[in-house]
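# A closer look at the structure
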Amino acid sequence: MTLYQWFVFFLLIQIVHFLGTWKLYEAAGRKRWEAAIPVYNAIVLMKIIGRPTWWTLLLFIPIINLIMFPVIWIETLRSFGKRTSLDTFLGIITCGLYIYYVNYTQDLNYTADRTLSPQNKAADTVSSLLFAVIVATFVHTYFVQPFTIPSSSLEKSLLIGDFLFVSKVNYGARVPMTTVALPMVHDSIPLTKSKSYLKWPELPYFRLPGVEDIKRTDIVVFNWPVDTVHYFFEPKGRPGVIKPVDKKSNYVKRCVGIPGDTLSVKDGIVYIDGKVLQLPERAKPQFSYEVALDGKTNIDFEYLLKKLDITDPAYFKNPEKRDTLMFSALTAASAEYLKSIPGITAVTRRIAKTPESGIFPHNTNWNQDNLGPIYIPQKGKTVALNSETLPFYERIISTYELNDNGEKNDLKVTGNEIRLNGVVIKDYTFKQNYYWMMGDNRHNSEDSRYWGFVPENHIVGKPVFIWMSWDTNGKGFNKVRWDRVFTTVSGEGQPQSYFKFFLIALAAFFVGEYFWKKRKENKA
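Residues numbered from 1 in each chain as written. Predicted model: local features only at pLDDT ≥ 70, side-chain atom pairs only at ≥ 80, totals over all residues. Heavy atoms only, no water.

### So, the sheet that holds strand E13 (residues 275-276)
Across a sheet, strands are paired by hydrogen bonds formed along the backbone, either parallel or antiparallel in direction. Taken in spatial order, the 4 strands of this open sheet run E13-E12-E11-E18, and their pairing is antiparallel. Each of the sheet's edge strands pairs with one partner strand only, and the pair in question is E13 and strand E18 (371-375). The pairing of strand E12 (residues 269-272) with E13 spans 2 bridges and is antiparallel. Counted as the bridge partner of Tyr271 is Val276 from E13. (Pairing = 2+ DSSP bridges. Helix = DSSP H or I, 4+ residues; strand = E, 2+ residues; numbered from the N terminus.)

### A closer look at the confidence of the model for the protein
When pLDDT is averaged across the protein, the result is 89; 94% of the residues are at 70 or more. Here strand E15 (residues 315-317) is the element of the protein with the lowest mean pLDDT, 59, and strand E25 (residues 454-455) is the one with the highest, 98. (pLDDT = per-residue confidence, 0-100.)

### Some words on the packing of aromatic side chains
By convention here, two paired aromatic rings are described through the distance between centres and the angle between planes. The final tally for this structure, using the stated rule, is 38 aromatic pairs. Each residue in the set Phe360, Trp366, Phe392, Tyr393, Tyr400, Tyr428, Phe430, Tyr434, Trp436 and Phe453 is aromatic and connected to the rest through ring pairs, giving one cluster. Residue placement shows Lys266 over the ring face of Tyr271; its charged tip is 5.0 Å from the ring centre. Sitting above the plane of the Phe287 ring, Arg349 keeps its charged end 4.5 Å from the centroid. (Phe/Tyr/Trp six-rings, centres within 6.5 Å; stacked < 30°, edge-to-face > 60°. Lys NZ or Arg CZ within 6 Å of the ring centre and 35° of its normal.)

### A closer look at the environment of Ser448
On the secondary structure map, Ser448 appears in helix H11 (residues 448-451). Relative accessible area serves as the criterion here: at 0%, Ser448 is assigned to the buried category. In the structure, Ser448 is positioned 11 residues away from Met437 in sequence and 5.4 Å away in space, judged by C-alpha atoms. Ignoring sequence-local partners within four residues, the contact set of Ser448 consists of Phe360, Tyr435, Trp436, Met437 and Val454. Polar side-chain contacts of Ser448 include one of 2.9 Å to the backbone nitrogen of Met437. (Buried < 20%, exposed > 50% of the residue type's maximum accessible area, 1.4 Å probe, protein only. Contact = heavy atoms within 4.5 Å. Polar contact = N/O pair within 3.5 Å; in protein donor to acceptor, adjacent residues only side chain to side chain.)

And the structure:
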């Protein structure tokens, strides 16, 4: 929906509210017109039902307002004597329209001083749960979101089984675009594989101010730009479901190129504006290696794998060469160590030489180890458009960016003529920033090399903290990677666990609480 459409929709909601509540306002001693003034009518309604004015803010926060609306309907009905379970059921099942029936057909007896405390234990429990859900949803949506590492694309920096806290504050929290959705779940309802959201109405993209910009080498969580799903119900032959931006699958990669950069990859090494990208100490790029054996010496590779802390499917025989193994993910340091092992005659990094059709923008002779140069679009910058440059930016123009009316662009190419919304163009000015994301596990990562740029409106947040790390291959007590529990994701030097400090603080809290209670009892 465009801003204009939202404005019209908002006005319609205000009309619906006025028509269904103006008599209630009068019965509560207010003026009829007060039910018609947007926002002010909600403030007045809070006073009528005896609830704090700040509740009005909750009615305008996407997702949270879905929880608040039923609460307000019920509170309104109870303020006018409709307290039965049937009244509550009708208020919810009719999406508040039962209030129309009360407004026009019932004697309106307003109770100004009604008790706001729950009438029984069940009501108290429901009230507490609603409050907990609202707070959790608010934190999850605008501050911190839990996230699990599902793949090995950032192996060594982040491991499969790491449980993260992803900060929404660092890059600015994105206001949910899908306004009707279940709280604290992503694109599907757990266990059911059915959609957890409605595509309409949908808010335009808006992001709150952040405390920092995305920098090169930052690890970033984002919505996968080319995501479609096939497990939702769909007609036969349809190529998946096109999901709203904020409901696309969450990916985590390292940002290696920021807006305005010119990026190249040469023999697997990333270059920015012609210079080698300097990675932080915690980043450990991995590549595929060929390991040549002398064919005589027995080598304990199981021991080597443990020593090198290799958790990927580590090696397999190379069918093309005798006495040669292929390691799918080795760091440079691990490769150097293997060279010192008796029986290993050579360790050679595999570098792709032949063209790969799946490499962005899918019409070049590039491959995963050699591509570019590619200009990464920056908001406000203009690029020339022609048959050579259009493949890089076609998806940006036709899919990610909108025209001045808030609608998708109509991009057509006829011969050498490029038309945008019916007008012949020779250049294009970008309306948002874009990023280039790659995994540290270079030969085991589906990233920007295959599907291109990540738009700014797809950015979710920054991983800041590992609160748990679970090793499915571990046994017993070692199922937990204790050295990774309570470690930071970014920072200088190697990760340090703060788990022991957490335990000390927790123990100090309980000891302090025990003595405080004892002291209070002695005074009594």
